[in-house]
Amino acid sequence: MFPGLPRRTSVLVAALSLVVTRLSCSSLSAPDIPHIAAFFGTKTRYEEVNPQLLRDVFSVNRSVLRPPASERCTPVHLTAVIRHGSRYPTVKNIQRIQRLSELVRREAAGGSGGAAQWLQDIQSHWEMWYTEDMDGQLVMKGRDDLRWLARRLALLFPSLLSEENVARVSLRSSSKHRCVSSVEAFQDGLQEHWRQRGHAAHTSEGQYSHQVDDQLMRFFERCRGYVEGVEKNRTALLEVEKFKHGKEMEAVRRRVAERLGLPQHRLTPDLVEAAFFLCSYELSIKSLHSPWCFLFDEDDAKVLEYKSDLKQYWKRSHGHVISGLSSCPLFHHVFRTLDKAGRPRRSTDVPPEPASILVGHAETLLPLLSLLGLYKDQTPPTADNYRTQHGRSFRSGLIVPYAANLLFVLYDCQRGPRLQLLINESPVRFPGLETEDAPLYRDVRATYRHLLDGCDFERECEGRPVGRGPNTEL
């Protein structure tokens, strides 16, 4: 039934999965998913990356854990770097949505055949319900994202995320409200899991234990080289600006203006993007197929996704060396934690943390993934090569959707500690170690030796000149 689990536990897991599946069908399975749902970049739902969650939000595939079959291996530590769950728009996007909705209500007349039904729905029934006080806060669906993730991880790693270990599980979060709410929801999920298994959690519901750590989870704010060289540097995102006003985006703007029956000059690129994001917000917040989604076909969505990916690539990832290097504090923290967990110890030694849960942002995960050498295409995306980039590995919606997670699983094996990497609960192999799902930990350390011995935050962030060229490091 569930290989590797005792029969009694397997029966319980099967029963829970059935119950949760029935409960979840109405809440997470939208009756009509927009055909462009997979192209929303960092505003993509986690379900679009893991479609099985639409059928069963509590599904667990134990086969993703792949230590060598020839060795007896036991998981001894889990480090999880997690993005917050689904959220409301930020103030900037709410203001754009307000301007867009007013423009469409007042002036849109529809295409040559008149106003389509979806446009009539927008003008007659859709209400501007977003308010500025929402400003990026976690929504109920976002809490569910983290609760279910916690329960799935507790099923995958019952010996690590157990009630008995709760006092030794380290939980850290960014200070942003959506991240604090997410780490609280993760703890809710663990408590629900333990209660379902017939245990009373040590921590009362509603009482949370976690540490706010912006130095670790918002390292990018403290890196002067990044802030001045990328964040505040007008030329750092030149590729994004060129594409924003290039032929592909202009074609999308023309088509959307025609569908709305508006003069093209009335519809700025920012307003086109606001309409696209409206479709994503309505889906991720309310599981609705919004009438705004009908403004775009798949070709439009791919162009808008590419514009978003260009921004993430050149602002947070491989586009600039300093972006990855800004994550040195988090990189070192992860490996220090793994070192402690894998170190031989005497029976009298204090046991290591069974798990480290770190909740941050897409801006937290992308630089770390870049530093690790992941999702680096041979040809970088630019404003001029959209047509040749359809097969790119750098698609932010598949890498850092809401509730994205980077999991480091350390095993105690016969030949020594082994490390497996999972991204969004799917196995990914370390660059340079592609022949093994869970290579020896010493081999992983050797691969990243230059970063473990270097990658000094103060030196990189205070002394490194910033260039625009693609990152040619690991």
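Placed above this text is the structure.
None of these values were measured; they are calculated from a predicted model.

Could you give me a rundown of the packing of helix α11 (residues 269-286) against helix α12 (residues 298-316), with the residues and numbers involved?
It is the contact of α11 with α12, at a shortest axis distance of 11 Å, that shows an interaxial angle of 105°. Between α11 and α12, the angle is such that the two are roughly perpendicular. Residues V272, E273 and F276 of α11 form the contact with α12, whose own contacting residues are A301, L304, E305 and K307. Split by residue class, the contact of α11 with α12 holds 4 nonpolar, no polar and 3 charged.

Give a detailed account of the side chain of N50, specifying residues and quantitative values.
Position of N50 relative to the elements: it lies in the loop between α2 (46-49) and β1 (73-83). Here N424 takes part through its backbone oxygen, which lies 3.3 Å from a polar atom of the side chain of N50. Aside from chain neighbours lying at most four places away, what touches N50 is N424 and S426.

Lay out helix α3 (residues 91-107) in plain terms, naming residues and giving numbers.
Look at α3: 24 Å from first C-alpha to last across 17 residues, which is about the 24 Å you get at 1.5 Å a residue. Buried within α3 we find N93, I94, R96, I97, L100, S101, L103 and V104. The inward-facing, buried residues of α3 contact α4 (117-124), α10 (247-260) and α11.

Explain the pattern of salt bridges residue by residue, including any values.
Considering all chains together, one arrives at 38 salt bridges under this definition. A salt bridge links D309 to R392, with the nearest nitrogen and oxygen atoms 2.8 Å apart. One end of the pair, D309, is in helix α12; the other, R392, is in the loop between α15 (362-371) and α16 (396-399), with 83 residues separating them in the sequence. Considered together, D309 and R392 belong to a single accessibility category, that of buried residues. For E363, the salt bridge is made with R316, and the minimal N-O distance between the two is 3.9 Å. Taken as a pair, E363 in helix α15 and R316 in helix α12 lie far apart in primary sequence, 47 residues in all. Taking the relative accessible area as the measure of exposure, E363 reaches 26% and is therefore partly exposed.

Could you give me a rundown of the state of the cysteines, with the residues and numbers involved?
For the structure on display, the rule yields 4 disulfides. The disulfide bridge from C73 ends at C413, spanning 2.1 Å between sulfur atoms. Between C73 and C413 the disulfide shows an S-S torsion of about 120°. By sign, it is right-handed. With C73 in strand β1 and C413 in strand β5 (residues 405-413), this pair connects stretches of sequence that are 340 residues apart. For C413, a relative accessible area of 6% gives the class buried. Linked covalently through their sulfurs, C328 and C455 form a disulfide whose S-S length is 1.9 Å. Its S-S torsion of approximately -90° makes the covalent link between C328 and C455 left-handed. Of this pair, C328 sits in helix α14 (residues 328-342) while C455 is found in the loop between α18 (449-453) and α19 (457-463), placing the two residues 127 residues apart along the sequence. If the cysteines joined by disulfides in the protein are listed in sequence order, their pairing comes out as 1-6, 2-8, 3-4, 5-7.

Rules behind the numbers
Residues numbered from 1 in each chain as written. Predicted model: local features only at pLDDT ≥ 70, side-chain atom pairs only at ≥ 80, totals over all residues. Heavy atoms only, no water. Axes fitted to C-alpha atoms, helices over the stretch in contact; angles between N-to-C directions. Helix = DSSP H or I, 4+ residues; strand = E, 2+ residues; numbered from the N terminus. Parallel < 35°, antiparallel > 145°, perpendicular 65-115°, else oblique. Contact = heavy atoms within 4.5 Å. Nonpolar A, V, L, I, M, F, W, Y, C, P; charged D, E, K, R; others polar. Polar contact = N/O pair within 3.5 Å; in protein donor to acceptor, adjacent residues only side chain to side chain. Expected span 1.5 Å × (residues − 1). Buried < 20%, exposed > 50% of the residue type's maximum accessible area, 1.4 Å probe, protein only. Salt bridge = Lys/Arg side-chain N within 4 Å of Asp/Glu carboxyl O. Disulfide = S-S within 2.5 Å.

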